[in-house]
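Chain and residue survey
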Amino acid sequence: MADTTSPRASSSVTRTPTSLTQGSTTKGGIGESTLRPDGILKVTGEFAYSSDLWHEDMLWGYTLRSTVAHAEIRSIDTSEALATSGVYAVLTYDDLPTEVKNYGLEIQDTPVLAHGKVRHHGEPVALVAADHPETARRAAAKIRIEYADLPVVTDEASATAPDAILVHEGRDDHHSGHVPHPNIVHRQPIVRGDADAAAARADVVVRGEYVFGMQDQAFLGPESGLAVPGEDGGVDLYVATQWLHSDLRQIAPVLGLPEKKVRMTLSGVGGAFGGREDLSMQIHACLLALRTGKPVKIVYNRFESFFGHVHRHPAKLWYEHGATRDGKLTHVKCRIVLDGGAYASASPAVVGNAASLSIGPYVVEDVAIEALALYTNNPPCGAMRGFGAVQACFAYEAQMDKVAAELGLDPVEFRQRNAMEQGTVMPTGQPVDSPAPVAELLRRVKSRPLPPERQWEVAGGAADVRALPGGLSNTTHGEGVVRGVGYAVGIKNVGFSEGFDDYSTARVRMEVINGEAVATVHTAMAEVGQGGVTVHAQIARTELGVTQVTIHPADTQVGSAGSTSASRQTYMTGGAVRNTCEAVREKVLEIGRRKFGTYHPAWATAELLLEGGKVVTDGGEALAGIAEVLEDEAVDLELEFRHRPTQAFDLRTGQGNGHVQYSFAAHRAVVEVDTELGLVKVVELACAQDVGKALNPLSVVGQIQGGTTQGLGVAVMEEIVVDPVTAKVRNPSFTDYLIPTILDTPTIPVDVLELADEHAPYGLRGIGEAPTLSSTPAVLAAIRNATGLELNKTPIRPEHLTGS
Amino acid sequence: MEFLRPASWEEALAAKAEHPSAVPIAGGTDVMVEINFDHRRPEHLLDLNRIAELQEWEVAGDTVRLGASVPYTKIMEHLRAELPGLALASHTVASPQIRNRGGVGGNLGTASPAGDAHPALLAGGGEVEAVSVRGTRLIPIDDFYKGVKRNALEPDELIRAVHLKKATGPQQFSKVGTRNAMVIAVCAFGLALHPDARTVRTGIGSAAPTPIRATTAEEFLAAALDEAGLWESRGVLPPAVARQFADLVSGAANPIDDVRGTASYRRHALGVMARRTLGWTWEQYRGTEQDELDDRSKPCA
């Protein structure tokens, strides 16, 4: 049944939208804002998240984590913990069952449990399973660990000093051969043209140094899951994750089990934003379950969650832009140093993105680019929405404003003069071969009317403090408040890049139940809130002409769907669903031709569609009901779908067709700044984005507004503060790691363009990340506009604006 | 941990006498955070939620007796005229859900310098009704805060209520946080004019080991208002007086650098808040006859 070859894939990938897909009369198809099945449940608090999992007989797992950032472990004494009543197991590194004791997305450098050394604050050292979470926690507190402190490396200078202590000794990963220092995970230069020669032509040269803080994904549902030991010696794992099969690939070898004996099912996911790409409690819960023979649940609380997943790389960025008097960029030189923290996670791919997208959506012939990620003893950093492109966008957009100011040009006009378009060649040498409406997006946000001045004034001259900086904290009634307006635009890649074999699998079954043709869609796609389950049903309705579509729970009983990241799922697993639906449709039509072909010549001659439960000709004539065709036969296919292949970037020149597709968004930010107190109110954050094709317009707007807000957060408040001396996290809680509330969230008018990418299913463009890029620099630009300050660091803090 | 659930105030006092280390819990918005984060594990929790009178308030003569567990939401809804400064402060407490649970008794019991109610209580003036099986005493608010998260309660005492002076003049409260809602104060300032007594009182939050008053600033301002006859004339406040007041408030603080803000920013922000709140209260005083004050000290939201 599981036909994993994909004979139709190549033709369907490049097919442009047709009447078959765009003109469907089946209700609830693509292009409609059908409502998500989990929406009301989530809003009313009834949705079952992975933290709600329960088993009658289960134990609670607890993870003991390092209290220091870098130290040798001299000894671990678990005897007292093991002797605690109610404790079933205490595990350390020595209890790991196989020779595979590390895991990692790309480089397997992360110990399942620390061995001889801890490399960052909060690293897992020991596990406890007990009959009550409190018992487990108390028992863990009785584990005695003797640490001998090691010096910490925390930044580029300390990491690459000649006598720097190595975070990982004896590296033999595939990047270790080409990096200039073992504390550099990966380095990617890009050289195109001759930046030095071009600099000589520049009338103005602008340089800047920028600092981007460490952002947390701050998803609502902390890491959690339930591992149930199976009678066959295997394990069933119910978990919230972003990519079931990637987890499986890393879990099974550590457990010493074949992959088919580790059965994973996606549980309710409370957001991800990249923070669930790496493993957290998965292996730990399985180890405890297999050791105790009992189901084991692990749930992190918010404090632990800050240590339980990677964060967005903090970065230092140096840029030089040159331009001629007539407003044309001559060259860009840049150097981007990302802090990857103690383990590699997604750092190499983040480096590739930061480098290849480092100059933004502009035409620049001559560039000299370098991006690298460090190993340090800071918290590990990896995937987060925007993935290396966010940090770069913050810096290059600040530079674009500076150059425009230097030239006396309007910042939007200057950007438009240099905006890329279809056909522009990227610094990597890759031509942009689908629409790139950068200038148009900027035009759209700029042409929008501005919100009224002094919008906080209400009748009688009083002030509505909610509309002012400080809000209900009542810090100003208008005193010191200055408005600022700023613009930014960004470019993000869609899908996995640099030669990765990126595919998705979909199984689609069509059958007749109670006289009605229905479809079941089974994928391993992690629904993390992006709305994929809604879109899959829409695609199946469109392609198969049915009303009833059942979305099977996501698990590893079907092939991989790839990661719910890189803005790729609607493109990739959506594409896989469409691809499989088309093959199912062909089978249905084959059956129809076999049964009814002799009754009507159109069966042989016309293009046939499935619409409204019937087989119809493209002329609209109904030939038979789908139920009549199928009777008690079921069509059931599982197919893989791939986007067109990409290439690795050359390690010296950075040249290569590395990306699948690009996504563009532009923002205009309008802020009110209390210049005396340094408080900011973002009044409006307008966005224009090209989405190729909006399969579900409501979801598209939701994604854009969410991404915009996440970008606002890191502009004005979000930062994990790491002590530069101890490398310990200072604010691991929502008390001191602030994310925007609804009172911080501005009006976000959204302008959606649909310029089809002919290479993509339905012409769609991945949309989830692009709005997170330009939101931050637009807010920063608006604050600069209001205050006249240079502001080279994000997030902005009040003292940066008051100088005190 | 033992969970004590007294059915009456007398039972609660007896329990506290028997278990002086018992931690009282009402809304739980502070205590439960501490417990969830394992910052403390008291032997006994003393649940005060069955004691209805702690949720009540009465307005008599020139004072409000505010039960320790009256939630901030009720203060905002019902006591805006009597306690305008505290009502404004209540607006800034956490989220609507927390404001439905938390009350002033909790802020006083915890005695964190960052408690939002403190600057308003100090500025408004009042007394804490501390009760034990030994009897009742009224602790002036000025004497209540003893150190970082330490207060003047004896181990066997519980907070029954606070006795707060009804406002006789305009009051304001202002708080700096790095987000526009649901934020712990970087620093906060409360100001109350007391035209009846020709005095001014202030409260500073999150800028010293305890909530404090800026007494030098208060005395300077009261004297300046007196000397110029401004209480009677309701004339324009000289900008130099406002500036001097702001500087003195700023100087009264003793802040630290921490993850929420720098010491120098806190001093600066307190000066700005002092100048602005003085401007708002004074303009309100100028534009208002005495009997109108009750209605006018509302926030605009």
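Here the structure is a predicted model, which means the values were calculated and not measured.

Helix and strand counts for chain B come out as twelve helices and 13 strands. Relative to the 2.2 N^0.38 estimate, which gives 19 Å for 301 residues, the radius of gyration of chain B is 19 Å and therefore close to what a compact globule would have. Overall size of chain B, expressed as C-alpha extent along the three principal axes, is 60 × 45 × 35 Å. In chain B, which comprises 301 residues, the share counted as buried stands at 58%. If you take every contact in chain B between residues at least 6 apart in sequence, the share linking residues at least 24 apart comes to 62%. Total accessible area on chain B stands at roughly 11,900 Å², and carbon and sulfur atoms take up 50% of it.

Residues and elements named next belong to chain A. Strand order in this open sheet of four strands is β20-β28-β29-β30, and the pairing throughout is mixed. Each end of this open sheet is capped by a strand with a single partner; those strands are β20 (481-494) and β30 (750-753). Here the average twist between neighbouring strands, direction ignored, is 20°. When strand β28 (residues 661-674) meets strand β29 (residues 679-690), the two strands line up antiparallel, connected through ten bridges. What sits directly across from Ala665, in β29, is Gln689. Strands in contact with helix α14 (residues 438-447) are β20, β28, β29 and β30; relative to β28, the strand with the most contacts, it is inclined by about 25°.

Residue and element names in this part refer to chain A. The residue Ala371 is located in strand β18 (residues 366-374) in this model. For Ala371, a relative accessible area of 0% corresponds to the buried category. Note: C-alpha distance between Ala371 and Pro348 (23 residues apart in sequence) is 10.0 Å. Discounting chain neighbours no more than four positions away, the residues touching Ala371 are His186, Arg187, Gln188, Ile336, Val351, Ala354 and Ala355.

What follows is about the nonpolar core. Residues and elements named next belong to chain A. Ranked by internal contacts, the top residues of the largest apolar core, which has 98 residues, are Tyr319, Phe414, Val779 and Ile783. Here the element with the most residues in this core is helix α12 (residues 389-407); it accounts for twelve residues. Inspection of this core shows a minimum of three residues originating in each of domain 3 (156-216 + 311-382) and domain 4 (426-497 + 659-802). Excluding residues within four positions of it along the chain, Tyr319 makes contact with Val206, Arg207, Gly208, Val332, Lys333, Cys334, Ile336, Ser358, Ala392, Ala395, Tyr396 and Gln399. Residues Leu91, Leu96, Leu237 and Val558 belong to the second largest nonpolar core, which totals 46 residues.

All names here are of chain B. Across its 14 residues, helix α10 (residues 239-252) extends 20 Å between first and last C-alpha, which sits within 8% of the 20 Å expected from 1.5 Å per residue. Taken together, the buried positions of α10 are occupied by Val241, Ala242, Phe245, Ala246, Val249 and Ser250. In this fold, the buried residues of α10 make contact with β12 (187-194), β13 (199-205), α8 (215-227) and α11 (263-286).

In terms of residue burial, strand β13 (residues 262-266) of chain A counts as a mostly covered element, since four of its five residues are buried. The β-α-β motif built from strand β12 (residues 235-239) of chain A, the intervening helix α8 (residues 244-255) of chain A and the parallel element β13(A) has right-handed crossover chirality.

This paragraph deals with the sheet that holds β12(A). All names here are of chain A. In space, the seven strands of this open sheet follow the order β3-β7-β1-β14-β11-β12-β13, with mixed pairing throughout. The open sheet has two free edges, formed respectively by β3 (87-91) and β13, since each of these has just one partner strand. In this sheet, adjacent strand axes meet at a mean angle of 20° when their direction is disregarded. As paired elements, β3 and strand β7 (residues 124-130) share four bridges and run antiparallel to each other.

The next subject is the environment of Val259(B). Note that Val259(B) resides in the loop between α10 and α11. Judged by relative accessible area, Val259(B) falls into the buried class, the value being 18%. Measuring from C-alpha to C-alpha, the distance between Val259(B) and Val186(B) comes to 9.5 Å, with 73 residues separating the pair along the chain. With residues near it in sequence (within four places) discarded, Val259(B) still touches Val721(A), Arg730(A), Asn731(A), Asp736(A) and Arg797(A).

In this section: helix α9 (residues 282-292) of chain A. With respect to burial, α9(A) is a largely interior element, nine of its eleven residues being buried. Listed in full, the buried residues belonging to α9(A) are Gln282(A), Ile283(A), His284(A), Ala285(A), Cys286(A), Leu287(A), Leu288(A), Ala289(A) and Thr292(A).

A common way to state how big an interface is: give the accessible area lost once the parts meet. Taken together, the contact pairs 37 residues of chain B with 47 residues of chain A. A buried area of about 3,400 Å², summed over both sides, lies between chain B and chain A, and 52% of it is on carbon and sulfur atoms. Looking at the side of chain B facing chain A, the largest losses of area belong to Arg179(B), Asn180(B) and Arg276(B), adding up to 24% of the total buried there. For the pair chain B and chain A, the interface holds five salt bridges. Our count for the chain B to chain A interface comes out at 21 residue pairs in polar contact (both at pLDDT 80 or more).

So, about the domain arrangement of chain A. Residue and element names in this part refer to chain A. Under the domain assignment used here, chain A contains domain 1 (9-30 + 503-642), domain 2 (50-150 + 223-299), domain 3 (156-216 + 311-382) and domain 4 (426-497 + 659-802). Relative placement of domain 1 and domain 2: their C-alpha centres are 40 Å apart. Both faces considered, domain 1 and domain 2 share a buried interface measuring about 1,200 Å² in area, 58% of it formed by carbon and sulfur atoms. For the interface between domain 1 and domain 2, the tally reads six residue pairs in polar contact (both at pLDDT 80 or more).

Following the UniProt record, one finds the feature "domain: Aldehyde oxidase/xanthine dehydrogenase a/b hammerhead" (unreviewed entry) at residues 44-151 of chain A. Here residues 44-151 of chain A runs as 12% helix and 35% strand, with 49 Å between its end C-alpha atoms.

Further remarks concern the packing of α10(B) against α11(B). All names here are of chain B. One can describe the packing of α10 onto α11 by two numbers: an axis separation of 8 Å at closest approach and a directional angle of 140°. With respect to α11, the axis of α10 lies oblique. The interaxial crossing formed by α10 with α11 has right-handed handedness. Residue-level contacts link Ala242, Phe245, Ala246, Val249, Ser250 and Gly251 of α10 to Arg267, His268, Leu270, Gly271, Ala274, Arg275 and Leu278 of α11.

Another point: the state of the cysteines. A disulfide bridge is the covalent bond that connects two cysteines by way of their sulfur atoms. Residues and elements named next belong to chain A. Taken as a whole and judged by the stated rule, the model has zero disulfides over all chains. Left without a disulfide partner, Cys334 is nearest to the cysteine sulfur of Cys393, which lies 13 Å away. For Cys334, a relative accessible area of 7% translates into the label buried.

The next thing to look at is the packing of aromatic side chains. The geometry of an aromatic ring pair comes down to the distance between the two centres and the angle between the two planes. Residues and elements named next belong to chain A. One pass over the full model with this rule turns up 19 aromatic pairs over all chains. Where Trp54 meets Trp60, the ring centres are 6.2 Å apart and the plane angle is 70°; that geometry is what we call edge-to-face. We classify Trp54 as exposed; its relative accessible area is 57%. Members of the aromatic cluster, connected to one another through ring pairs, are Tyr210, Phe212 and Phe394. Over the aromatic face of Phe47 sits the side chain of Lys42, whose NZ or CZ is 4.8 Å from the ring centroid. Above the face of the Tyr762 ring, Arg578 is positioned so that its terminal group lies 4.7 Å from the ring centre.

In the predicted model, chain B carries a mean pLDDT of 94, and 96% of its residues have values of at least 70. Predicted confidence is poor over residues 290-301 of chain B, with pLDDT under 50, and the contacts of this stretch with residues over four places away or in other chains come to 26 contacts.

Attention now goes to the confidence of the model for chain A. Within chain A, residue pLDDT values average 95, and 97% of them lie at 70 or more. Here residues 1-24 of chain A is modelled with pLDDT under 50, and outside its nearest four sequence neighbours on either side it reaches 56 contacts, counting other chains as well.

Residues and elements named next belong to chain A. By the secondary structure assignment, Gln215 is in the loop between β10 (204-212) and β11 (224-229). According to the relative accessible area criterion, Gln215 is buried, its value standing at 1%. Looking at Gln215, its side chain comes within polar contact range of the side chain of Glu718, at 3.2 Å. The contacts of Gln215, once residues within four sequence positions are left out, are His311, Arg312, Met384, Gln710, Val714, Glu718 and Tyr737.

Turning our attention to the pattern of salt bridges. Taken as a whole, this structure holds 68 salt bridges over all chains when the rule is applied. The partner of Glu156(A) in a salt bridge is Arg335(A), and the shortest N-O contact between them spans 2.5 Å. Residue Glu156(A) is found in helix α6 (residues 156-160), and its partner Arg335(A) is found in strand β17 (residues 329-339); the two are separated by 179 residues along the sequence. The exposure class of Arg335(A) is partly exposed, given its relative accessible area of 24%. Put simply, Asp196(B) and Lys165(B) hold a salt bridge, and the shortest N to O gap is 4.0 Å. Of the two residues, Asp196(B) sits in the loop between β12 and β13 while Lys165(B) sits in strand β10 (residues 158-165), which places them 31 residues apart along the sequence. Taken together, the shared-partner salt bridges connect Glu134(A), Arg137(A), Arg138(A), Asp38(B) and Arg41(B) into one network.

About the cut-offs
Residues numbered from 1 in each chain as written. Chains lettered and ligands numbered in written order. Predicted model: local features only at pLDDT ≥ 70, side-chain atom pairs only at ≥ 80, totals over all residues. Heavy atoms only, no water. Helix = DSSP H or I, 4+ residues; strand = E, 2+ residues; numbered from the N terminus. Rg over C-alpha atoms; globule rule 2.2 N^0.38 Å. Buried < 20%, exposed > 50% of the residue type's maximum accessible area, 1.4 Å probe, protein only. Contact = heavy atoms within 4.5 Å. Areas by Shrake-Rupley, 256 points an atom, 1.4 Å probe, with all protein chains shown as cover. Pairing = 2+ DSSP bridges. Axes fitted to C-alpha atoms, helices over the stretch in contact; angles between N-to-C directions. Core = buried A, V, L, I, M, F, W, Y, C linked by side-chain atoms within 4.5 Å. Domains from an automatic or database assignment. Expected span 1.5 Å × (residues − 1). Right-handed = clockwise from strand over helix to strand, strands pointing away. Buried area = accessible area lost by both parts, 1.4 Å probe. Salt bridge = Lys/Arg side-chain N within 4 Å of Asp/Glu carboxyl O. Polar contact = N/O pair within 3.5 Å; in protein donor to acceptor, adjacent residues only side chain to side chain. UniProt positions renumbered as here; feature names shortened; annotations may be inferred. Parallel < 35°, antiparallel > 145°, perpendicular 65-115°, else oblique. Left-handed = near helix turned anticlockwise from the far one by under 90°. Disulfide = S-S within 2.5 Å. Phe/Tyr/Trp six-rings, centres within 6.5 Å; stacked < 30°, edge-to-face > 60°. Lys NZ or Arg CZ within 6 Å of the ring centre and 35° of its normal. pLDDT = per-residue confidence, 0-100.

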